[in-house]
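Here are the chains, one letter per residue:
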Amino acid sequence: MRLMSPPLLRVVVQIVASMLVFATWGKAAACDLSILTSYPSSFYKPFVDLFAAQSGATDICVQNKNTIGLIAHVREKRRPVPDIVWASSPVAFELLDQQGALARFPEKVENPGDRGNIAVDARNGSRFGFALSTIGVMSTADGAPLPTPIEIADLASVQYAGLLGMSSPSRSGTTHLFVESLLQQYGWQKGWALLSQIGGNLATVTARSFGVRDGVARGRFDYGIGIDFLAQAQLPSGSALAFRPFSPGWYFPASVAVTGLGANNVLSLKFVDFLRTEDAQELLLDPEIRRIPIDPALWEKAGFSPEDYKPTHRLDLKLAATRIAVVNALFDDMITHRLLEIRKLWDALRRLEKSPVILQSDSMRPLLVAVRKSLEAVPVAAFMANEQSFERVFSDSVPPETAVAGRLRVQDSWSNDFSQRFKSARELIARMELFQSHLASGGEQ
C-alpha cells in the first residue's frame, strides 16, 4: 500500500477537520434555539419539553457546563454560540454584561413592587429572574439537627471539623457566590480569615456543587454548603436533604439572558417570557425541582415569605464580577490545593490554643498569634483584588501570548507566599508541641 507524503497527509487532515467543524457549526445553526446552562438535565428538561410543546420548536439544543465554564464559553465566543444563557449566579450575568456579551431589553424589566419588592431583573434588562434561591447548609434529614439560626461564622467552629463539604468557587458559580458574599459581609481580611477556618473543617472540596449534595446523601460528610434547590429537590431514593439558610441570609435571582446573537432569534425572548408564565412557575414547585418561584401567588406553596428577605448587606455584583478570577484563584491556592495541610495545621493550632501549658507561658502565647496570622492571611490586598486591570491577568478572554507569563508570575508569587506562611506555621507549631512535651516529661519552663 502506498502511503501519503507528509505534506499531503497534513492537507487531508486539515480538510477532514474542517468538515467536522462545519458539521458541528451546521448542527448548531440548525437548532431552533440554542441554550447554554449550568443546570443539570433533571432540572432543565421539563422546562425545555414544555416550551417545545407550547412554542412548536422542534429542535432545541442544550449544552451543559458549570458556571465558570459557561462564562468562558460565552466570553471567548466558542462554538456553538448560544442564544440563551441560563444559570443561578447573578455574578456570571454581570460579568458577561460588562463584556458586552448580552443583549439588553430594558423595556421588559419588571417593577420590584410586583415581586414583593424583590428586584429579580437587572436594571438595564441584561438578565431576567425566573426563580429565587438562597445558600445555606444541607444535611441528612435524620442526621444531627442544624442550629437555628445558623450563621456563616458558625462553620468555623471546631464542632464541624472534618464534617463539612463544599465545592470550589472556580468550579461552581453558586459556591463563588457564597465566597464573595462572605467576603463582602465580613470584609476582605476578616473574610479570608473566616474562609481559612472553614477550610480547616472541610472533609473535601468537590469538583461541582452537585458533589456536595451527593456527598451528604451518601454519608461521606455530615454537612454541606450549597444552594437550597440542590438540597430540597427529591433524590433518586425519593427523599430529600434537610436545609437551613444562613441567617442573616440573602436571596438572589436565578436568571436567564439573551446573547447578542440570540437577539436575532424570536424564540429567545419567547423562552424568557415562558419561564415567567404561570405554567413554568408552577413547574418550579415540582418535588424533583423545588425552586422558589418569583410569582408571589405561589410563595405560600413554596414555603417562602418575603419577611425572610432581610439581608444585612446588599451584594455588590459589579465588585464581585471585577474580582471573580482573583477570588477563585486565591481560594484554590489557599484551600483547595492545600486541603490536607490546612486541615492538619488548624487541628494542631486549635489543640494548642486549649493547652494550659501554652496559654500560661509568656514565650509561647505569641506563637499562637503568629500561627493564626500565617493561616488566615492572603497575599493580595483588597484594593489590588478590586482592580479590573488585575483581574484581566487571570481572564480567559485575554490573548494567551500577553497573559500567560504575567498570570504564571503572579500565581507563583502567591504559591510561594502561602508555602512560606504554612511552613512558618508548621515550625511554630512544632516548637510549641516540643515545649509542651518537654514540660509533660518533667522539664522546667
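The shown structure was predicted, so the numbers you read here are calculated from the model rather than taken from an experiment. (Residues numbered from 1 in each chain as written. Predicted model: local features only at pLDDT ≥ 70, side-chain atom pairs only at ≥ 80, totals over all residues. Heavy atoms only, no water.)

**Description of the packing of aromatic side chains**
The full count for this structure, using the stated rule, is 20 aromatic pairs. Residues Tyr160 and Tyr223 carry aromatic rings whose centres are separated by 5.2 Å and whose planes lie at 75 degrees to one another, so their mutual orientation is edge-to-face. One end of the pair, Tyr160, is in the loop between strand 4 (128–139) and strand 5 (164–167); the other, Tyr223, is in strand 7 (residues 223–227), and 63 residues separate them in sequence. Overall, the relative accessible area of 8% leaves Tyr223 in the buried class. Through pairs of rings, three or more aromatic residues link up here, namely Tyr39, Phe43, Phe47, Phe51, Trp86, Phe130, Phe229, Phe271 and Phe274. Against the face of Phe422 rests Arg338, its NZ or CZ located 5.8 Å from the ring centre. (Phe/Tyr/Trp six-rings, centres within 6.5 Å; stacked < 30°, edge-to-face > 60°. Helix = DSSP H or I, 4+ residues; strand = E, 2+ residues; numbered from the N terminus. Buried < 20%, exposed > 50% of the residue type's maximum accessible area, 1.4 Å probe, protein only. Lys NZ or Arg CZ within 6 Å of the ring centre and 35° of its normal.)

**Points about the packing of helix 6 (residues 188–199) against helix 16 (residues 365–376)**
It is the contact of helix 6 with helix 16, at a shortest axis distance of 8 Å, that shows an interaxial angle of 95 degrees. Judged on the interaxial angle alone, helix 16 and helix 6 are roughly perpendicular. In this structure, helix 6 contributes Trp192, Ala193, Ser196 and Gln197 to the contact, and helix 16 contributes Arg372, Leu375 and Glu376. Its residues assigned to classes, the contact of helix 6 with helix 16 comprises 3 nonpolar, 2 polar and 2 charged. (Axes fitted to C-alpha atoms, helices over the stretch in contact; angles between N-to-C directions. Parallel < 35°, antiparallel > 145°, perpendicular 65-115°, else oblique. Contact = heavy atoms within 4.5 Å. Nonpolar A, V, L, I, M, F, W, Y, C, P; charged D, E, K, R; others polar.)

**Points about the pattern of salt bridges**
Inspection of the entire model under this criterion finds 17 salt bridges. Here Arg351 makes a salt bridge to Asp347, at a shortest N to O gap of 3.5 Å. Of this pair, Arg351 and Asp347 both sit in helix 14 (residues 339–352), separated by 4 residues, roughly a single helical turn. By relative accessible area, Arg351 is classed as partly exposed at 47%. Residue Asp347 is classed as partly exposed on the basis of its relative accessible area, which comes to 43%. One network of salt bridges, with partners in common, ties together Glu110, Arg115, Asp121 and Arg276. (Salt bridge = Lys/Arg side-chain N within 4 Å of Asp/Glu carboxyl O.)

Don't take any of this as a statement about function, it's just geometry.
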